[in-house]
Amino acid sequence: MVALIVGFFVVIGLVGYVVGMYNQLVSLNFNADKSWANIDVLLKQRADELPKLVETCKGYMKHERELLQKITEARAAAMQATTADGKVDAENQLSKSLKTLFAVAENYPDLKANQNFLQLQSRISGLENTIADRREFFNDSVNVYNIKIHQFPDLFMARFMKYGPRHLLQIPQEETKDVKIAFG
Amino acid sequence: MLIDGFQRMMNSDEWFWPGLGFLLGVGLFFLGFYFKRRKDIIDAIPTSKIRSLAMGLVEIEGKAEALVQLWLTPISKKKAVYCEVVIEEKRGKHWYDVLRHQTKDPFSVVDDTGRVMVDPEGAEFHLKVDHEYSSMLFGENSKQLLAGLEDLGVKTRTLLGFNRTFRCKETFILPGDPIYVMGTAAGRAGGVQLGNGGSDEIVIRKGRDFFCISDENERELSESFGGAAIMTLFGGPVLTIFSFSFLARFFF
């Protein structure tokens, strides 16, 4: 009779453990997907602000047409990107162009005094910070997932579920260098 | 055999505690899965920065700040963001509630990126008890305890002049205390403006998922739940088997 009770607990315990392991891996996988989608939400918001920024700057920065055109093209490329890597590259290019624009705007006092420009600059800078936070969060989510699928005994369940490792968001080397500003 | 066994058991006085232990053991075992699930949720969700909170289940760490008002704790007289007080009096052999109160006002959590409102209604609080007081029937009792009880209008002496026996627990969160919150971030309609640099449109509150407020950090809380899971998952079956050893004689 004691053996029956012990057997009951062992079986229930094992079933509970396996179900818990499965559910945990599913949660981690979906959490990583959600954190990726949450970056997209902010990238869309930033993309929506850009046409207004370009229009505001056009009237003041008559000699920076090339830069403004670059931003417009980078925005279009980011919205048309289909693969994850392509999207990341396009968004990084856009961020780089925006940094250059805000640095160049320092030479146009009339533009800097424009309330519209200041609000847009503040909003986009805020979004850039939040996007950076959400990228870090995505990497944390992926890291937790990757660790879990490689740990024993979860790795057996991960193989059974065909869950492979996910890639972290990498910032290319050239993006971490200071932006060189060319005037004229 | 089973029916005879149950009849013998019912006719005896000695089945109650082993029977209770048997059922409690099974209950503790299943409670272990609940604690394990809590630990898994805490481990699965990375900590968010407040300025970039997304809607849904989130985990934040920061410092508590008052949003509506500060509460004065009745015995220790500290100004707290959140306060839970239990005062009981011993009459005869039993303890009776004199006061049981928990504040429900929303408060803010601040980290180095911003602040966000937390509505603690429905939260599981995992806080260390900050102060425990007890009074004695004879002898000199704590002046702080007596003063606090008298401020609440509680008589501390009997008609014959003897001390009443009280015990009191205070648990509170002071402004600036480190705090951990896991809850559901949702849009906030109206409410108090938080000022600059904050997630003004978001409140963390109870949703469909786990909602927890603690003065322990993530690692400590995860270890607490992990420890509780191990104790109940192994302790439950041990209690059941031990209790069964007393019940078995009715059946064999």
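Each remark here, short or long, concerns the structure printed above.
Let me begin by describing the structure that accompanies this report. Residue positions are counted from 1 within each chain, in the order its sequence is given. Written order decides the labels, with chains lettered from A and ligands numbered from 1. Residue-level local features of this predicted model are given only where pLDDT is at least 70; pairs of side-chain atoms are given and counted only at 80 or more, and the full residue set underlies all totals for whole chains, interfaces and linings. Side-chain measures here rest on the full set of heavy atoms in the structure, leaving out hydrogens and waters.

Points about the overall build of chain B
Right, on to step 1. A count of helices and strands for chain B gives 4 helices and 13 strands.
Right, on to step 2. Any residue under 20% of the maximum accessible area for its type is buried, any over 50% is exposed, and the rest in between are partly exposed; the area is computed with a 1.4 Å probe on protein chains only. With 252 residues in all, chain B has 44% of them scored as buried.
Right, on to step 3. Considering only contacts within chain B whose residues lie at least 6 apart along the sequence, 71% involve residues at least 24 apart.
Right, on to step 4. Surface accessibility in these figures is a Shrake-Rupley result with a 1.4 Å probe; residues are shielded only by whichever protein chains are displayed. Accessible surface, chain B: about 13700 Å² in total, of which carbon and sulfur atoms supply 59%.
Right, on to step 5. Residues scored as charged are limited to Lys and Arg (positive) and Asp and Glu (negative), so that His and the chain ends carry no count. Throughout, a charge is located at the NZ atom of Lys, the CZ atom of Arg, the CG atom of Asp or the CD atom of Glu. Charged side chains in chain B number 30 positive and 33 negative. The centres of these two groups are separated by 4 Å. Runs of H or I in DSSP of at least four residues are treated as helices and runs of E of at least two as strands, each being numbered from the N terminus. Residues are treated as being in contact if the distance between any of their heavy atoms lies within 4.5 Å.

With respect to the sheet that holds strand 9 (residues 131–134) of chain B
Residue and element names in this part refer to chain B.
Right, on to step 1. At least two DSSP bridges between two strands are required for those strands to pair. If you trace the 4 strands from one edge of the open sheet to the other, you get 5-4-10-9, paired in antiparallel fashion. Among the strands making up the open sheet, the edge pair consists of strand 5 (94–102) and strand 9. Sheet twist, expressed as the average angle between the axes of neighbouring strands with direction ignored, equals 10°.
Right, on to step 2. Helix 3 (residues 143–151) rests against strand 4 (82–91), strand 9 and strand 10 (165–173) of the sheet, and its axis sits at about 90° to strand 9. With axes taken as lines fitted to C-alpha atoms, and helix axes fitted only over the stretch in contact, angles between N-to-C directions fall between 0 and 180 degrees.

Quick look at the interface of chain B and chain A
Right, on to step 1. Contacts between the two partners involve 27 residues from chain B, matched on the other side by 25 residues from chain A.
Right, on to step 2. Buried area: the accessible surface (1.4 Å probe) lost by two parts on joining, summed over both. Carbon and sulfur atoms make up 67% of the area that chain B and chain A hide from each other, which totals about 2000 Å².
Right, on to step 3. The working definition used for a salt bridge is a side-chain nitrogen of Lys or Arg within 4 Å of a carboxyl oxygen of Asp or Glu. Our count for the chain B to chain A interface comes out at 3 salt bridges.
Right, on to step 4. A salt bridge links K49 of chain B to D133 of chain A, with the nearest nitrogen and oxygen atoms 3.6 Å apart.
Right, on to step 5. Side-chain atoms alone can form a polar contact between residues adjacent in sequence; in general such a contact is a pair of N or O atoms within 3.5 Å, and within protein one must be able to donate a hydrogen while the other accepts it. If you look at where chain B meets chain A, you find 6 residue pairs in polar contact (both at pLDDT 80 or more).
Right, on to step 6. If you list the elements that add at least two residues to the side of chain B that touches chain A, you get helix 2 (16–44), strand 1 (56–66) and helix 4 (218–251) of chain B.
Right, on to step 7. Among the elements that line the side of chain B that touches chain A, the one with the most residues is helix 2 of chain B, at 10 residues.
Right, on to step 8. When residues are grouped by polarity, Ala, Val, Leu, Ile, Met, Phe, Trp, Tyr, Cys and Pro land in nonpolar, Asp, Glu, Lys and Arg in charged, and all others, Gly among them, in polar. Grouping the amino acids of the side of chain B that touches chain A by side-chain chemistry returns 16 nonpolar, 5 polar and 6 charged.

Notes on the packing of aromatic side chains
Here the distance between the centres and the angle between the planes together describe a pair of aromatic rings.
Right, on to step 1. Pairing of aromatic side chains here covers Phe, Tyr and the six-membered ring of Trp, requires ring centres within 6.5 Å, and sorts the geometry by plane angle: under 30 degrees stacked, over 60 edge-to-face, intermediate tilted. Per the stated rule, a full pass over the model turns up 16 aromatic pairs over all chains.
Right, on to step 2. Ring centres of F102 of chain A and F117 of chain A lie 6.3 Å apart, and the angle between their planes is 65°; this geometry places the pair in the edge-to-face category. Taken together, the positions of F102 of chain A in helix 3 (residues 84–104) and F117 of chain A in helix 5 (residues 115–150) put the pair 15 residues apart, joining distant regions of the chain.
Right, on to step 3. Since its relative accessible area comes to 12%, F102 of chain A is described here as buried.
Right, on to step 4. Here F117 of chain A falls in the buried class, since its relative accessible area comes to 0%.
Right, on to step 5. Arranged with centres 6.1 Å apart and planes meeting at 50°, the rings of Y145 of chain A and Y163 of chain A form a pair that is tilted. Linking Y145 of chain A in helix 5 with Y163 of chain A in the segment after helix 6 (154–160), this pair joins segments that are 18 residues apart in sequence. Comparing Y145 of chain A with Y163 of chain A shows no difference in burial state: the two are buried.
Right, on to step 6. Chaining the aromatic ring pairs together yields one cluster made of F8 and F9 of chain A together with F29, F30 and F33 of chain B.
Right, on to step 7. Two conditions define a charge sitting above a ring: the NZ of Lys or the CZ of Arg must be within 6 Å of the ring centre, and it must be within 35 degrees of the ring normal. Lying over the aromatic face of Y145 of chain A, R166 of chain A brings its terminal NZ or CZ to 5.8 Å of the ring centre.
Right, on to step 8. The ring of W95 of chain B carries R167 of chain B above its face, with NZ or CZ at 4.1 Å from the centroid.

Topic: the pattern of salt bridges
Right, on to step 1. Counted under the stated rule, the structure contains 23 salt bridges over all chains.
Right, on to step 2. Notably, a salt bridge pairs K44 of chain A with D48 of chain A, separated by 3.1 Å at the nearest N-O pair. Taken together, the residues K44 of chain A and D48 of chain A, both in helix 1 (residues 2–58) and 4 residues apart, mark about one turn of the helix.
Right, on to step 3. On the accessibility criterion, D48 of chain A (35% relative accessible area) is partly exposed.
Right, on to step 4. Of the charged contacts in the structure, one is a salt bridge between E49 of chain A and K52 of chain A, with a shortest N-O distance of 3.3 Å. With E49 of chain A and K52 of chain A both in helix 1 and 3 residues apart, this pair spans about one turn of that helix.
Right, on to step 5. Shared partners join several salt bridges into a network, and the residues in it are D133 and E136 of chain A together with K49 and R51 of chain B.

Notes on the pairing of strand 10 of chain B
Residue and element names in this part refer to chain B.
Right, on to step 1. Here strand 10 lies mainly inside the structure; 7 of its 9 residues are buried.
Right, on to step 2. As defined by bridge partners, strand 4 adjoins strand 10 across 9 bridges and the pair is classed as antiparallel. From the neighbouring strand, E88 faces strand 10, where its bridge partner is R167.
Right, on to step 3. When strand 9 meets strand 10, the two strands line up antiparallel, connected through 4 bridges. Within the sheet, the bridge partner assigned to S134 lies in strand 10 and is R167.

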